[in-house]
2 protein chains.
Amino acid sequence: MTLEQVSANRSFGGTQGVYTHVSAVTGTPMTFSVFVPDHAPGDRLPVLWYLSGLTCTHANVTEKGEFRRACAEAGIIFVAPDTSPRGDDVPDDDGYDFGKGAGFYVNATQAPWATHFHMRDYIEQELPEVVAANFPVDMARQGITGHSMGGHGALTIALRNPGRFRSTSAFAPIVSPLNCPWGEKALTGYLGEDQTAWAEYDACALIAGGARLPDLLVDQGEGDNFLEGQLKTHLLVEACAAAGQPVTIRMQPGYDHSYYFISTFMAEHVAWHAERLKA
Amino acid sequence: MTLEQVSANRSFGGTQGVYTHVSAVTGTPMTFSVFVPDHAPGDRLPVLWYLSGLTCTHANVTEKGEFRRACAEAGIIFVAPDTSPRGDDVPDDDGYDFGKGAGFYVNATQAPWATHFHMRDYIEQELPEVVAANFPVDMARQGITGHSMGGHGALTIALRNPGRFRSTSAFAPIVSPLNCPWGEKALTGYLGEDQTAWAEYDACALIAGGARLPDLLVDQGEGDNFLEGQLKTHLLVEACAAAGQPVTIRMQPGYDHSYYFISTFMAEHVAWHAERLKA
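Residues numbered from 1 in each chain as written. Chains lettered and ligands numbered in written order. Predicted model: local features only at pLDDT ≥ 70, side-chain atom pairs only at ≥ 80, totals over all residues. Heavy atoms only, no water.

(A) Structural detail: the pairing of strand E7 (residues 165-171) of chain A. Residue and element names in this part refer to chain A. In terms of burial, E7 is largely enclosed, as six of its seven residues are buried. Both strand E6 (residues 137-146) and E7 contribute to a ladder of three bridges, which runs parallel. Paired with Ile144 across the two strands is Thr168, which belongs to E7. With helix H4 (residues 149-160) bridging E6 and the parallel E7, this β-α-β connection has right-handed handedness. Alignment of E7 against strand E8 (residues 217-221), held across three bridges, turns out to be parallel. Directly across from Phe171, in E8, lies its bridge partner Asp219. (Buried < 20%, exposed > 50% of the residue type's maximum accessible area, 1.4 Å probe, protein only. Helix = DSSP H or I, 4+ residues; strand = E, 2+ residues; numbered from the N terminus. Pairing = 2+ DSSP bridges. Right-handed = clockwise from strand over helix to strand, strands pointing away.)

Put into structure tokens, the structure is as follows:
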């Protein structure tokens with residue numbers, strides 16, 4: 001597996017890189033970014049995975065996420081994957097919320113999506129192997145976070161892989177694809193009409209089914225356009241309360257769904273992860 | 001003069017706004033961004049002007065500059081103008097370094113540029129009036145900074161307006177348009193072949209001619225592609241040394257010309273300005 005470096009920029013006392021590789025899982029080239037703080041030779045650093053939201057690539061958080069100062073100070077490697085396979089051979093949809101840029105971190109089972117849209121396996125299996133083989137990460141100390149669709153990805157991947165992540169957080173996550181138009185469209189398309197196949201991709205359903213995390217931090221803007229119709233944070237509040245899942249959900253007055261919101265609370269998330277990754 | 005709000009996003013305990021107005025000076029609509037930290041009713045805050053580099057609009061630093069945390073903590077308003085007039089009526093050049101996105105903060109005297117390219121008057125006169133009339137700024141406490149072409153703008157505007165700015169800094173500035181290809185092309189186009197008209201737009205020439213600042217902070221990446229051929233930081237070092245102009249020039253190993261460099265040192269620049277603006 002050959003990793004190609006697209007760019008490398010010195011930033012905040014570390015190196016912000018962008019890399020591509022040919023993914024066996026998606027059958028396409030995949031691009032991701034990695035920030036590596038300066039460290040002593042031989043050191044292996046904790047790693048924080050950041051999964052992005054609809055329409056995003058690795059670039060959005062890399063340019064606008066304001067994570068580097070906090071990661072450099074904490075000595076944490078930050079990895080930001082793309083949100084779907086890309087390329088002329090990859091099917092797409094006219095909407096921004098399905099197809100390219102909208103992989104929903106599932107393994108698609110329905111044609112024509114099943115050929116390339118294996119973002120679950122890519123994020124859970126292939127990319128961690130690539131990162132472990134090429135960067136000075138300590139895979140015993142992983143945290144995961146994400147935004148919106150990527151918050152959904154972070155929560156469901158952490159819930160399905162108990163013990164893999166020492167820390168989990170999310171910014172404005174989709175908490176229940178079973179119960180929102182974005183989820184209904186995407187999961188119908190990728191997984192088919194039978195909603196029993198959806199439950200493993202629904203954080204609230206996973207929690208109700210007994211999956212647990214040590215704890216969980218969520219920030220959600222009260223001024224977020226998508227709060228009422230898509231994100232439905234209250235469903236996560238209720239699912240955690242019913243199941244006894246520890247969670248800290250912070251409603252942030254006035255904040256919207258943008259990177260102006262994410263960047264504001266990024267350093268606090270990095271600190272929250274650092275506390276658990278370096279304990 | 002009517003100011004139209006394009007957007008407003010809550011961020012870092014303040015409001016990041018984008019605004020447009022019809023400029024009498026350029027004869028075009030002009031767009032700029034303003035970050036206003038939360039503050040007590042009636043308070044007037046110091047203002048830091050940030051002038052952008054070639055190809056940029058207000059958006060680059062607004063999205064990637066990582067200034068909001070530092071400005072919110074220091075209670076400083078941050079204003080980022082565009083780099084040229086825009087619009088179908090505005091002449092342009094095929095190069096990225098002349099015409100739209102490349103106003104060089106001059107008042108053009110040559111056709112066809114002289115009709116709209118009055119960025120000096122826009123930044124020195126009109127925009128400050130617009131900002132003073134519409135935002136809670138204390139115009140007795142102004143600082144100015146900028147990047148590359150905008151660093152050139154910050155230095156020359158501060159040097160030509162003694163006493164207006166309590167603090168001046170720059171990221172990777174063009175220090176002498178008289179002595180670099182970018183400057184030669186743009187100033188020939190905007191001002192004509194007679195280089196005597198250029199001197200008031202050349203920081204090194206202004207310092208050699210007796211203009212002074214209380215002090216000056218410059219960060220320059222040693223890995224900057226443009227350092228040798230265009231920026232020529234050593235000319236500023238020599239001009240300041242010859243004239244006795246106090247200056248702190250920090251050469252930053254490995255850093256390039258990008259916002260990965262700017263964002264790294266932005267908080268230190270804001271702190272440097274804050275120390276002088278709040279003294």
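(B) Region of interest: the relation of the copies chain A and chain B. With an RMSD of 0.0 Å, the fit of chain A onto chain B corresponds to turning through 180° and sliding 0.0 Å along the axis. Both copies are brought into coincidence by an operation consistent with a two-fold rotation axis. Proximity to the rotation axis, assessed at the C-alpha, singles out Lys64 of chain A in chain A; its C-alpha lies 2.7 Å from the axis. A share of 100% of interface residues in chain A that are also interface residues in chain B marks the association as one of identical surfaces. (Least-squares fit on C-alpha atoms with pLDDT ≥ 70 in both. Contact = heavy atoms within 4.5 Å.)

(C) Spatial organisation of the side chain of Asp256 of chain B. In this fold, Asp256 of chain B is placed in the loop between strand E9 (248-252) and helix H9 (259-277). Buried and unpaired, Asp256 of chain B has Arg10 of chain A as its nearest opposite-charge partner, separated by 9.9 Å. Within the structure, Asp256 of chain B has its side chain in polar contact with the side chain of Asn9 of chain A (distance 2.5 Å). Here Ser258 of chain B takes part through its side chain, which lies 2.7 Å from a polar atom of the side chain of Asp256 of chain B. If we ignore the near neighbours within four places in the chain, the residues touching Asp256 of chain B are Asn9 of chain A together with Gly223, Asp224 and Phe261 of chain B. (Lys, Arg positive; Asp, Glu negative; His and termini not counted. Salt bridge = Lys/Arg side-chain N within 4 Å of Asp/Glu carboxyl O. Polar contact = N/O pair within 3.5 Å; in protein donor to acceptor, adjacent residues only side chain to side chain.)

(D) Geometry of the interface of chain A and chain B. With 22 residues of chain A at the contact, the number on the chain B side is 22 residues. Taken together, the two surfaces of chain A and chain B that pack against each other cover about 2000 Å², and 48% of this comes from carbon and sulfur. In terms of surface lost to chain B, no three residues of chain A exceed Arg10, Glu66 and Tyr260 of chain A, which account for 35% of the buried area on that side. Where chain A packs against chain B, one counts two salt bridges. (Buried area = accessible area lost by both parts, 1.4 Å probe.)

Limitation: the analysis is restricted to geometry and does not speak to function.
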